[in-house]
Structure formats: structure tokens, C-alpha cells
Amino acid sequence: MDVKIEESWKEVLRQEFVKPYFLQIATYLKAEKLAGKTIYPPGSLIFNAFNTTPFEKVKVVLLGQDPYHGPGQAHGLSFSVPKGIPPPPSLINIFKELHDDVGVPIPNHGDLTHWAQQGMLLLNASLTVRANEPMSHSKIGWAEFTDAVIQKISERKKNIVFLLWGKFAQEKQGLIDETRHYVLKAAHPSPFSADKGFFGSRPFSKINAYLVQNGQSPIDWKL
């Protein structure tokens, strides 16, 4: 199956694209469109995280659960929204912690592309969602695909920071070889849980300290 995805990822994930579960994802999405369902993000942005952060550039992985399901919000990067779309509550809390941690001014937009371009893979466990129906595509095979992505990064790279925020992301910890990588866990930045261990977790300074310690350039967090 010829998937339109950045070349280094195409090579790394080549075996996944011919497995039955992946073909089932494609079949399911086509059926949804034929049935008149609106799917986010648009097709050209489903693999945006991979196209913006090539495999060899990955330094940090931020795992989200599901794309945003409102109009114009999802653009294929976990937690991020395009410029001109108001930042959702979880993203606002991320910016508050960013400011408290490293003093970066809270941005007036929610587009995290600048982070992704520097090596931060903004990966959702599901890469699509039906409009206004959160988790509607969580059982169509995406989890198998994104689990494979996490495993490939763990196996083929060294000294990657994995950010696991919330219970769902932390369930993926077993896919990561912690003798080779740095796992940072905290509560989810959602308003329901941010004060239970996300605020004060200082992930941004910890990420850059680890990257510098391992001979990599730090992330410029200013958006």
C-alpha cells in the first residue's frame, strides 16, 4: 500500500503498511467518507506528525490520545491546533506550566509546529476521529500502528525523551526500553487532572537538561 508519508518513516514503517490491520484502517476510513461522515483531521494532515518530524530528527515523543473533534482544530499534531483556532483547555494548561517552568511567555496561538520541527514527535494514539465523537476511531486499528511507531523509536534510537501524561499514555510505558531512553510521567494537563501532578512537574526544563546532557541541542520552546 502506497502511503503518503515522509520517506524516512516510510522505510521504518514499511512492514506495517502491508499488514491486514492497516489495510482495514484504510477500508474503514473510505467507508466512513462514503457514508457522509466528517473525519478529522483532513486526509492530507493524518500523517502530519511524521511529515513534520522525520524519523532521524526525533528527540522527544509527546503521546496524546485522540485528535480534537471540533471543526478546524485537528491538524495531525497531538495537543496542537492551527493558528486562528483558540487553544483548548489542556493546551492552555501546558502553556501555563511552560511559563512557570522556563519563563516562556504564554503564546497567543496553539500551533506547536515549531516544536515538531525541532524533533518533538507530537503523536496521537489514534490518527483520526469522527466529527463531534471523541474516541470514535480508537478501535479501528490505529493503536496497533502507533504502538509499532513507539516500539520502532525505542528499538532503533537512543536517548529519546518520552512524555507520558495521564493514565492512557502511561499504559504505553511497557513499549519503551527505559535502559535506552528517558520516560517522564505526569498527570494529564486536562482541567480535571492538571492540579493532581501536572502543574509543577517541570517537563520542559527536564527535557532540555536531558538532551544537553546527551549531546543534543535543546528545544527552543518559544512559539
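Residues numbered from 1 in each chain as written. Predicted model: local features only at pLDDT ≥ 70, side-chain atom pairs only at ≥ 80, totals over all residues. Heavy atoms only, no water.

**Some points on helix α2 (residues 20–34)**
Where we set the bar: Each helix corresponds to a stretch of at least 4 residues labelled H or I by DSSP, and each strand to a stretch of at least 2 residues labelled E; elements are numbered beginning at the N terminus. Expected span of a helix: the number of residues minus one, times 1.5 Å. To sort residues, take the accessible area from a 1.4 Å probe on protein chains only and compare it with the maximum for the residue type: under 20% means buried, over 50% means exposed, and anything in between is partly exposed. Throughout, the arc means the angular range of directions from the helix axis out to the C-beta atoms. Between two residues, a contact is recorded if the distance between any of their heavy atoms is within 4.5 Å.
Helix length check: α2 (15 residues) gives 21 Å between terminal C-alpha atoms against 21 Å at 1.5 Å per residue, within 8%. All of the buried residues along α2 are Tyr21, Phe22, Ile25, Ala26, Leu29 and Glu32. The buried residues of α2 all sit within an arc of 150° when viewed along its axis, so they share a single face. Residues Pro20, Gln24, Thr27, Lys30 and Leu34 are exposed on α2 and point more than 90 degrees away from its buried face. Along its buried surface, α2 packs onto β1 (39–40), β4 (129–130) and α6 (142–156).

**Observations concerning empty space enclosed by the protein**
Basically, it comes down to this: Here a cavity is any set of points on a 1 Å grid over the protein atoms alone where a 1.4 Å probe fits but cannot get out, and a pocket is any open set with protein on both sides within 12 Å along at least 5 of 7 lines; a residue lines the site when it has an atom within 4 Å of a point. Grid points are joined across faces, edges and corners, and a volume is the space filled by probe spheres set on the points. Gly is placed with the polar residues, together with every amino acid not listed as nonpolar (Ala, Val, Leu, Ile, Met, Phe, Trp, Tyr, Cys and Pro) or charged (Asp, Glu, Lys and Arg).
Under the defined criterion, the tally for this structure stands at one cavity of 30 Å³ or more. Here the largest cavity defines a volume of roughly 30 Å³. The wall of the largest cavity is formed by Pro41, Ile46, Pro67, Gly76, Asn124, Ser126 and Leu127. Counted by class, the lining of the largest cavity contains four nonpolar, three polar and no charged residues.

**Details of unusual backbone geometry**
A negative phi angle characterises most non-glycine residues, just as the trans form characterises most peptide bonds. Omega for the peptide link from Tyr40 to Pro41 comes to -10°, which places this bond in the cis form. Residue placement: Pro41 occurs in the loop between β1 and α3 (48–52). Of note in the backbone geometry, Phe79 takes a positive phi value of approximately 70° without being a glycine. Residue placement: Phe79 occurs in the loop between β2 (60–64) and α4 (89–102). A positive phi angle is found at Arg202, which is not glycine, with a value near 50°. Residue position: Arg202 is located in the loop between β6 (182–186) and α8 (203–213).

**Comments concerning the sheet that holds β2**
What counts, and what does not: If DSSP finds at least two bridges between two strands, the strands pair. Axis definition: a line fit to C-alpha positions, over the contact stretch in the case of helices; interaxial angles, taken between N-to-C directions, run 0 to 180 degrees.
Pairing in this open sheet of four strands is parallel, and the strands run β3-β2-β5-β6 from one edge to the other. Each having just a single partner strand, β3 (120–124) and β6 make up the two edges of the open sheet. If you compare each strand with its neighbour and ignore which way they point, the axes differ by 20° on average. With three bridges joining them, β2 and strand β5 (residues 161–165) adopt parallel strand pairing. Residue pairing across strands places Val61 opposite Phe162, the latter belonging to β5. Against the sheet, α8 engages β2, β5 and β6, with an angle of about 165° to β5.

**Comments concerning the packing of α4 against α8**
Here is the rule we go by: Note on terminology: angles under 35 degrees are roughly parallel, angles over 145 are roughly antiparallel, angles of 65 to 115 are roughly perpendicular, and the others are oblique.
Running from N to C, α4 and α8 cross one another at 60°; their axes reach a closest spacing of 7 Å. The angle between α4 and α8 falls in the class oblique. Contacts between α4 and α8 pair Ile94, Glu97, Leu98, Asp101 and Val102 from the former with Pro203, Phe204 and Ser205 from the latter. Each residue belonging to the contact of α4 with α8 can be placed in one class, and the counts come to five nonpolar, one polar and two charged.

**Looking at the packing of aromatic side chains**
We count it as follows: In this analysis, rings of Phe, Tyr and Trp, with Trp reduced to its six-membered ring, are considered paired at centre separations within 6.5 Å, and the interplanar angle assigns stacked below 30 degrees, edge-to-face beyond 60, and tilted for intermediate values. For a lysine, the NZ atom is tested; for an arginine, the CZ atom; a charge sits over a ring if that atom is within 6 Å of the ring centre and within 35 degrees of the ring normal.
The final tally for this structure, using the stated rule, is 19 aromatic pairs. Members of the aromatic cluster, joined through ring pairs, are Trp9, Phe17, Tyr21, Phe22, Phe47, Phe50, Phe55, Trp142 and Phe145. Lying over the aromatic face of Phe55, Lys157 brings its terminal NZ or CZ to 4.9 Å of the ring centre.

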